[in-house]
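# Tertiary structure, described
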Amino acid sequence: MFEKFRKPKKGPVAISEEEIVKGPIPNHIAIIMDGNGRWAKKRSLPRTAGHHEGMKVVKKVTKLASRLGVKTLTVYAFSTENWKRPEDEVNYLLKLPQEFMGTFLPELIEENVRVRIMGDKDAIPAHTQKAVDKAVNDTKNNTGLVLNFALNYGGRAEILDAVNHIVTDFREGNLQKKVDEDLFSGYLMSAGLQDPDLLIRTSGEIRLSNFMLWQLAYTEFWFTDVLWPDFKEQHLLEAIYGFQKRGRRFGGI
Ligand code: V07
């Protein structure tokens, strides 16, 4: 009866690309793409179906990030812990780079996206290495968004690797300077990239899981319950909107 007096329901307000680009856009976004297995389980599908769907989301998110002017997008594709998963699942995951490039390479080139890899490449199967090398090589002249895949990556291993390189360089007389933050950053696998401004983790887990431990020191964190295969353009816009609402101070006032 009083229907017409009722206030409109306050659902989440849709955020448009046009609105977002008026505010500061994070230069570097890092994403922990969690929830593929859970997404599949909810649909009584094998976990691999979730990973496949998750791969499609990487493509969509890359395109939107590129349009928005994001300079670097780092995605956690395979952690050093992922080897503990069932063999079939590991095998499937390590075929995804090939499939990704097979279906997305022309679009990546059209979008001017450059692919980069961070992680222990030597320990992954030769066919995966080949696909990854091709991705990096075929996009090396692109000047747009850097799509940085963390593949067989672990944050502590990365730091130890840097320390050991520094020790070697020092011993061999190739390093005379005092080790400061800039020098140290140059020994990490992310050398040359800015630190992430925004970290997104999907699927409701509130932890870092050994991801970019050094680089995330001043990063804004955005956690969402949305499972990675369900992560849509709108969710990325929401995360960036959240980022824009926060004032970053780097410890100052
Ligand atoms: C993987 C899809 C995304 C959700 C999270 C895990 C599963 C893209 C790649 C990839 C990697 C290197 C490359 C090109 C594409 C990938 C793995 C898993 C191991 F050069 N998605 N994706 N690699 N998933």
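Only a predicted model underlies this, so the values are computations on that prediction, with no experimental measurement involved.

## Notes on the overall build of the protein
- When helices and strands are counted, the protein shows nine helices and six strands.
- Taking 253 residues into account, the globule formula puts the C-alpha radius of gyration at 18 Å, and the protein, at 20 Å, falls close to it.
- Seen through its C-alpha atoms, the protein measures out along the principal axes to roughly 85 × 50 × 35 Å.
- Taking all 253 residues of the protein together, 43% fall into the buried category.
- A separation threshold of at least 6 residues defines the contact pool for the protein, and within that pool the share at least 24 residues apart is 78%.
- Roughly 14400 Å² of accessible area belongs to the protein as shown, and the carbon and sulfur atoms make up 53% of that amount.
- Computed over 37 positive and 33 negative side-chain charges, the separation of the two mean positions in the protein equals 6 Å.

## A few points about the pattern of salt bridges
- The final tally for this structure, using the stated rule, is 14 salt bridges.
- A salt bridge links D230 to R43; the nearest nitrogen and oxygen atoms lie 4.0 Å apart. Of the two residues, D230 sits in the loop between β6 (220-223) and α9 (233-245) while R43 sits in the loop between α2 (36-42) and α3 (47-68), which places them 187 residues apart along the sequence.
- Here E220 makes a salt bridge to R246, at a shortest N to O gap of 2.9 Å.

## Describing the confidence of the model for the protein
- A residue-level look at the protein finds 94% of positions with pLDDT of 70 or above and a mean pLDDT of 94.
- Of all helices and strands in the protein, the one with the weakest mean pLDDT is helix α5 (residues 96-110) (94), whereas strand β1 (residues 28-32) scores best (99).

## Remarks on the packing of α5 against helix α6 (residues 126-138)
- The interhelical angle for the contact between α5 and α6, taken along N-to-C directions, is 10°, at an axis separation of 10 Å. By the angle between their axes, α5 is roughly parallel relative to α6. Listed contacts from α6 to P97, Q98, M101, L105 and I109 of α5 are H127, T128, A131, V132, K134, A135 and D138.
- Partitioned by chemical class, the residues of the contact of α5 with α6 number seven nonpolar, three polar and two charged.

## Quick notes on the site of the ligand
- The environment of the ligand is made up of 20 residues, and the closest members are N36, L93, L96, F100 and F149.
- When the ligand is considered free in solution it has 510 Å² of accessible area, and contact with the protein chains removes 99% of it.
- Contributing elements (two or more residues each) for the shell around the ligand: α3, β2 (72-79), α5, β3 (114-118), α6 and β4 (146-153).
- Taken together, the residues of the shell around the ligand break down into 17 nonpolar, three polar and no charged.

## Section: a negative patch on the surface
- The grouping of D180, E181, D182 and D195 at the surface amounts to a negative patch.
- D182 gets classed as exposed once you look at its relative accessible area, which sits at 67%.

## Quick look at the packing of aromatic side chains
- Scanning the model with the defined rule gives nine aromatic pairs in all.
- With a centroid separation of 6.0 Å and an interplanar angle of 85°, the aromatic rings of Y153 and F211 are classed as edge-to-face. Of this pair, Y153 sits in strand β4 while F211 sits in the loop between β5 (198-201) and β6, placing them 58 residues apart in sequence. Each member of the pair, Y153 as well as F211, carries the same accessibility label: buried.
- Both rings, one in F221 and one in F223, keep their centres 6.0 Å apart while their planes meet at 90°; by these two values the pair is edge-to-face.
- For F221, a relative accessible area of 28% puts it in the partly exposed group.

## A short note on the sheet that holds β4
- With parallel pairing, the six strands of this open sheet are ordered in space as β3-β4-β2-β1-β5-β6. Either end of the sheet is taken by a strand with one partner, and the two such strands are β3 and β6. Sheet twist, expressed as the mean angle between neighbouring strand axes with direction ignored, is 20°.
- Two strands pair when backbone bridges link them, and β5 and β6 are joined in this way by four bridges, in the parallel orientation. What sits directly across from L198, in β6, is E220.

## Observations concerning the side chain of S190
- Note that S190 resides in the loop between α8 (181-186) and β5.
- Classification of S190 as buried rests on a relative accessible area of 7%.

## Comments concerning the nonpolar core
- Core analysis: the largest hydrophobic core is formed by 45 residues, its most contacted members being I29, I31, L73, F100, L147 and L236.
- Of all the elements, α3 adds the most residues to this core, at seven residues.
- Leaving out residues up to four positions away in the same chain, L236 has contacts with I29, V61, L64, A65, I200 and F231.
- In terms of nonpolar packing, the next biggest core, distinct from the first, is built from 10 residues, Y76, M118, A150 and F211 among them.

## Brief notes about α3
- The end-to-end C-alpha distance of α3 is 32 Å, a good match for the 32 Å that 22 residues give at a rise of 1.5 Å each.
- Just downstream of α3 lies G69, where phi reads positive at about 95°.

Thresholds, definitions, all that
- Residues numbered from 1 in each chain as written.
- Predicted model: local features only at pLDDT ≥ 70, side-chain atom pairs only at ≥ 80, totals over all residues.
- Heavy atoms only, no water.
- Helix = DSSP H or I, 4+ residues; strand = E, 2+ residues; numbered from the N terminus.
- Rg over C-alpha atoms; globule rule 2.2 N^0.38 Å.
- Buried < 20%, exposed > 50% of the residue type's maximum accessible area, 1.4 Å probe, protein only.
- Contact = heavy atoms within 4.5 Å.
- Areas by Shrake-Rupley, 256 points an atom, 1.4 Å probe, with all protein chains shown as cover.
- Lys, Arg positive; Asp, Glu negative; His and termini not counted.
- Charge placed at Lys NZ, Arg CZ, Asp CG, Glu CD.
- Salt bridge = Lys/Arg side-chain N within 4 Å of Asp/Glu carboxyl O.
- pLDDT = per-residue confidence, 0-100.
- Axes fitted to C-alpha atoms, helices over the stretch in contact; angles between N-to-C directions.
- Parallel < 35°, antiparallel > 145°, perpendicular 65-115°, else oblique.
- Nonpolar A, V, L, I, M, F, W, Y, C, P; charged D, E, K, R; others polar.
- Near = heavy atom within 4 Å.
- Patch = residues over 30% accessible without salt bridge, like charges linked within 9 Å, V, L, I, M, F, W, Y side chains within 5 Å.
- Phe/Tyr/Trp six-rings, centres within 6.5 Å; stacked < 30°, edge-to-face > 60°.
- Pairing = 2+ DSSP bridges.
- Core = buried A, V, L, I, M, F, W, Y, C linked by side-chain atoms within 4.5 Å.
- Expected span 1.5 Å × (residues − 1).

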